[in-house]
Amino acid sequence: MTIMERITNPRFLRSALPLASFAVLLSLIFYVQPRAMSYFGLNLMLQYAVPIALATIAQMFILTVNDLDLSIGAFVGLTASIGATLLADNPVVGVCALAACVAAYGAIGALIHWRNLPSIVVTLGMSFVWLGIAVIILPTPGGTSPAWIKAIMGLKVPYIPFPIIAAAVIAIVVQVLLMHTSYGATLRGAGGNPRAIERAGWSLLKIKIVMYSAAGFFGVLSGLSLIGLTSAADAHIADRYTLYSIAGVILGGGEFVGGRVSPVGAVIGALTLTLTGSFLIFLKISPDWQIGAQGAILIVVLALRALIKRREG
Amino acid sequence: MEIHGAAINEKYSVAVANSRGIRCVFQELSLCPNLTVAENAQIIHPSLKGFGWRKRADALIKAKLDEIFPGHGIDGDDLVGDLSIGKRQMVEIARAFTVTAQSLHLVILDEPTSSLDVVTAGQLLAYIRKSVEGGTSCILISHVLGEILDYADRIVVMKDGRVVAERAASEFDRDSLVAAMGNVVKEARIEAHEQRERERGTTPVVVSAVPEKQTDGRALVAHKGEIIGLAGLASHGQTHTLLQVYQAAGKSDKRSRVEGPVALVAGDRQTDGVFHLWSIARNVGIRSIRSMVKFGLIDQEAEQRLADEWRERIKIKTPDMDNNILSLSGGNQQKALFARALGSDAEIVLMDDPMRGVDIGTKLEVYDLIRAESERGRTFLWYTTEMDELNNCDHTYVFRSGQIVAELSRNELTEEKVLQSSFEETA
């Protein structure tokens, strides 16, 4: 294969698209606001990328098995609330509560598989449950985040801003676990052709529980990293994360069905979404337009992907 | 059921079969399209894990592909979804013959050559003989008679879920095999309707369609008032041709000419036929709804009149046509679909094997209705997989691989001829 063939190969284009969109957006920002091109500037622009990337990874696990999670935003809000209250007051109780949250996520996965329920409906319902519990734990915005979480999230690394390192670590760890281990291949296969996986003797129930628990675990990490940045919590702190996470996975080259996902792409997708906010501020456009602009970027990227797909077909 | 002479004590499942060395190559592929070829090999070999599993899986599947299909051009890193259907089938077959922890005793191949070309099909059949000599058993399910006759040791003929013949392959030849497939115990047969002798071509042509895959330009022709049968094995282009006629209705395209309004009676009731949430009356009336509009709204009385008329004519068994369509039995739902087509202004009625799972009483009633309607000048195109139904047709076209391969007039029609044409191979 020559270099040119390699570059125009649809499979390569498909996997390069998320990185390309990120690079284009970043260069536009540097063009509009050259001062952003600094350690401090990048740190500021990308600081919220870590919780969003973690939530996006959580969503990606669910999308891998052809489900959709509409409760992840509320769930991150709940874990943030637990982190800023129970975990800060009494670490043992806090850890137990967070573990229970992960277990509950796994149980929801089991329920969805066992009763063959539509995940959208179940998770939409659960989003109100999570929000309700969060409001009970933390009726008004407040609480304090544990010092060690603040310390981790406020880490100063020389030369490369911390959010970029954190995002890279998340991306690589999940990439190895899901894309390179043999059980990871089986997990993805459950999204591609569940019947084939079942015929080969694997338990789909177990696969769903594993994927939902993994999503719950990353949801917890997302909530904790969020309060590490804000140092206080609010039940509604992460309401937007549900849509962010779905958009992030899709921007990163994932698909709604068929088990086609990319952890590295999803993290890059999350970074891209985070950057759009800063970009619009630099353009002096009101933050009210943020969601609309993010939607526009999503449409452009999806249109490009459709073009690549047509060439494949 | 016993495997290796031992009864199965645990609950039988695919996993149990696999652990006893039984594999199956399915017709609808059981590969995961989002995984690579090597990863798909891992799915059925859980023992491929730990460090370097990908390399081992890759080597395993590559070696088997090289052995069965030399020159296959498939890479272990290829995503299965990116491969052509033929190559996917090759991966599926090669995967079934790979061996890791458990030994392999029996491979069941369900129509394995259907998506392979002549060369690869030959490679596969040769490999099957070779592996049989090596001690592995194979069950080859195929509708290509040549494959069965040339490569099998023993032939079992099945029809309607029963074994109808079982002999050594050497005792069969082509004709006796076809005969064995046709000669079934005939029970609960619907008596053949009296033959209708009628000159073809006295009435104008209303449908003329060349199937999309037809290479020799042969067309399906229907004259006004005829009942035309579309025969052959299931899903060999009959439904496709009916839909082609349906789409061409009213406007002519290059391949088909259709004179007059068309209605379709769906075969797959639940997917293509009934509107699950609607009443019987609404389900019957939907095809005619345009003629029942008054001041831009549906004329409830007209709808009710149509529904009641057809309840009488076709004997839909319900206390109230306003009940939900799903309150009816399968046969009566099908009657409602017939009423929908026959109650409309359609001159041409397309039937997509509509009698599947319908009881005999209903069938006979509907046959009579179809004949009566054809006497009145309606034209029917009737795709059916049942021989008895073809006896109702004035003229029959036999389909194979999307093409018309034979046409039989009512006098020429015999089950053997239909089967012969359905199985004929291009030499």
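The sections below set out a description of the structure shown in this document. This one's a predicted model, so the numbers in the text were calculated from it and none came from an experiment.

**Comments concerning the overall build of chain A**
Counting secondary structure elements, chain A contains 16 helices and zero strands. With the C-alpha coordinates of chain A rotated into their principal frame, the extents come out at 60 × 55 × 35 Å. A buried classification covers 52% of the 313 residues belonging to chain A. A sequence separation of at least 24 residues applies to 78% of the contacts in chain A between residues at least 6 apart. Surface accessibility of chain A: about 14200 Å² in total, with carbon and sulfur atoms responsible for 73%. Across chain A, 19 positive and 10 negative side-chain charges occur, with their mean positions spaced 9 Å apart.

**Section: the environment of Gly-77 of chain A**
All names here are of chain A. Inspection of the secondary structure assignment puts Gly-77 in helix α5 (residues 72-84). Accessibility expressed as a relative area gives 0% for Gly-77, which makes it buried. On a C-alpha basis, the gap between Gly-77 and Ala-134 in space is 6.9 Å, while along the polypeptide they are 57 residues apart. Ignoring anything within four residues of it in the chain, the contact list for Gly-77 reads Ala-134, Asp-234, Ala-235, Ile-237 and Ala-238.

**A few points about the pattern of salt bridges**
All names here are of chain B. Summed over the entire model, instances satisfying the criterion amount to 18 salt bridges over all chains. Ionic pairing is found between Arg-311 and Asp-308, a salt bridge with its closest N-O pair at 3.9 Å. Of the two residues, Arg-311 and Asp-308 are both situated in helix α11 (residues 300-314); the distance of three residues between them amounts to about one turn of the helix. The class of Asp-308 is partly exposed, set by a relative accessible area of 30%. Between Glu-365 and Lys-335 there is a salt bridge whose closest N-O contact spans 3.0 Å. You can see Glu-365 sitting in helix α13 (residues 360-375) and its partner Lys-335 sitting in helix α12 (residues 330-342), a full 30 residues away along the chain. Here Glu-365 falls in the partly exposed class, since its relative accessible area comes to 32%. Taking relative accessible area as the criterion, Lys-335 reaches 1% and is therefore assigned buried. Taken together, the salt bridges that share partners define one network made up of Arg-313, Glu-373, Arg-376 and Arg-378.

**Overview of the packing of aromatic side chains**
With the rule as written, the count across this model stands at 10 aromatic pairs over all chains. Plain terms: the ring middles of Phe-217 of chain A and Phe-218 of chain A are 5.7 Å apart, the flat faces sit at 85 degrees to each other, and that makes the pair edge-to-face. Phe-217 of chain A gets classed as partly exposed once you look at its relative accessible area, which sits at 45%. Grouped by ring-pair contacts, the aromatic residues Phe-61, Phe-217 and Phe-218 of chain A constitute a single cluster. The positively charged end of Arg-115 of chain A is found above the aromatic ring belonging to Trp-114 of chain A, 5.3 Å away from the centroid. Above the ring of Phe-26 of chain B, the side-chain terminus of Arg-199 of chain A is found at 3.5 Å from the ring centroid.

**Some remarks on the side chain of Arg-23 of chain B**
Residue and element names in this part refer to chain B. For Arg-23, the position within the fold is in strand β3 (residues 22-25). Among buried charged residues, Arg-23 stands out as having no salt bridge; its nearest opposite-charge side chain is Glu-92, 10 Å away. Within the local environment of Arg-23, its side chain forms a polar contact with the backbone oxygen of Ala-96, the two atoms lying 2.7 Å apart. Other than its neighbours up to four places away in sequence, Arg-23 contacts Asn-18, Ile-44, His-45, Arg-95, Ala-96, Phe-97, Thr-98, Leu-104, Leu-106, Val-107 and Ile-108.

**What to know about the environment of Ala-107 of chain A**
With respect to the element layout, Ala-107 of chain A can be found in helix α7 (residues 91-114). Classification of Ala-107 of chain A as partly exposed rests on a relative accessible area of 44%.

**Describing a nonpolar patch on the surface**
Residues and elements named next belong to chain A. Residues Tyr-31, Val-32, Leu-283, Ile-285 and Trp-289 make up a contiguous nonpolar surface patch of roughly 550 Å² in combined accessible area. Position of Trp-289 relative to the elements: it lies in the loop between α15 (263-282) and α16 (290-312). The exposed category is assigned to Trp-289, whose relative accessible area is 59%.

**Structural notes on the sheet that holds strand β15 (residues 348-352) of chain B**
All names here are of chain B. In space, the six strands of this open sheet follow the order β12-β15-β16-β10-β17-β18, with mixed pairing throughout. For this open sheet the edge positions go to β12 (262-265) and β18 (403-409), each flanked by a neighbour on one side alone. Each adjacent strand pair in this sheet contributes to an overall mean axis angle of 20 degrees, direction not counted. By the bridge criterion, four bridges tie strand β10 (residues 227-232) to strand β16 (residues 379-383) in an arrangement that is parallel.

**As for the packing of helix α2 (residues 37-44) of chain B against helix α3 (residues 53-68) of chain B**
Residues and elements named next belong to chain B. Between α2 and α3, whose axes approach to 8 Å, the crossing angle comes to 95 degrees. Viewed along their axes, α2 and α3 adopt a mutual orientation that is roughly perpendicular. Judged by residue contacts, Val-37, Ala-38, Glu-39, Ala-41 and Gln-42 of α2 engage Trp-53, Arg-54, Ala-57, Asp-58 and Ile-61 from α3. The residue makeup of the contact of α2 with α3, split by class, is six nonpolar, one polar and three charged.

**Observations concerning the sheet that holds strand β8 (residues 205-209) of chain B**
Residues and elements named next belong to chain B. Pairing is antiparallel across the open sheet formed by three strands, whose spatial order is β9-β8-β11. The open sheet is flanked by β9 (220-223) and β11 (256-258), the only strands paired with a single partner. Each strand axis lies, on average, 15 degrees off the axis of its neighbour in the sheet, ignoring direction. As paired strands, β8 and β9 are joined by four bridges and run antiparallel to one another. Considered in β9, the bridge of Ser-208 is made with Val-221. Against the sheet, helix α8 (residues 238-248) engages β8, β9 and β11, with an angle of about 60 degrees to β11.

**Considering the pairing of strand β5 (residues 137-141) of chain B**
Residue and element names in this part refer to chain B. Taken together, the five bridges between strand β4 (residues 106-110) and β5 define a ladder with parallel strand orientation. Looking at β5, one finds that Ile-108 is bridged to Ile-139. Handedness of the β-α-β unit built from β4, helix α5 (residues 118-133) and β5 comes out right-handed.

The rules behind these values
- Residues numbered from 1 in each chain as written.
- Chains lettered and ligands numbered in written order.
- Predicted model: local features only at pLDDT ≥ 70, side-chain atom pairs only at ≥ 80, totals over all residues.
- Heavy atoms only, no water.
- Helix = DSSP H or I, 4+ residues; strand = E, 2+ residues; numbered from the N terminus.
- Buried < 20%, exposed > 50% of the residue type's maximum accessible area, 1.4 Å probe, protein only.
- Contact = heavy atoms within 4.5 Å.
- Areas by Shrake-Rupley, 256 points an atom, 1.4 Å probe, with all protein chains shown as cover.
- Lys, Arg positive; Asp, Glu negative; His and termini not counted.
- Charge placed at Lys NZ, Arg CZ, Asp CG, Glu CD.
- Salt bridge = Lys/Arg side-chain N within 4 Å of Asp/Glu carboxyl O.
- Phe/Tyr/Trp six-rings, centres within 6.5 Å; stacked < 30°, edge-to-face > 60°.
- Lys NZ or Arg CZ within 6 Å of the ring centre and 35° of its normal.
- Polar contact = N/O pair within 3.5 Å; in protein donor to acceptor, adjacent residues only side chain to side chain.
- Patch = residues over 30% accessible without salt bridge, like charges linked within 9 Å, V, L, I, M, F, W, Y side chains within 5 Å.
- Pairing = 2+ DSSP bridges.
- Axes fitted to C-alpha atoms, helices over the stretch in contact; angles between N-to-C directions.
- Parallel < 35°, antiparallel > 145°, perpendicular 65-115°, else oblique.
- Nonpolar A, V, L, I, M, F, W, Y, C, P; charged D, E, K, R; others polar.
- Right-handed = clockwise from strand over helix to strand, strands pointing away.

By themselves these figures say nothing about function.
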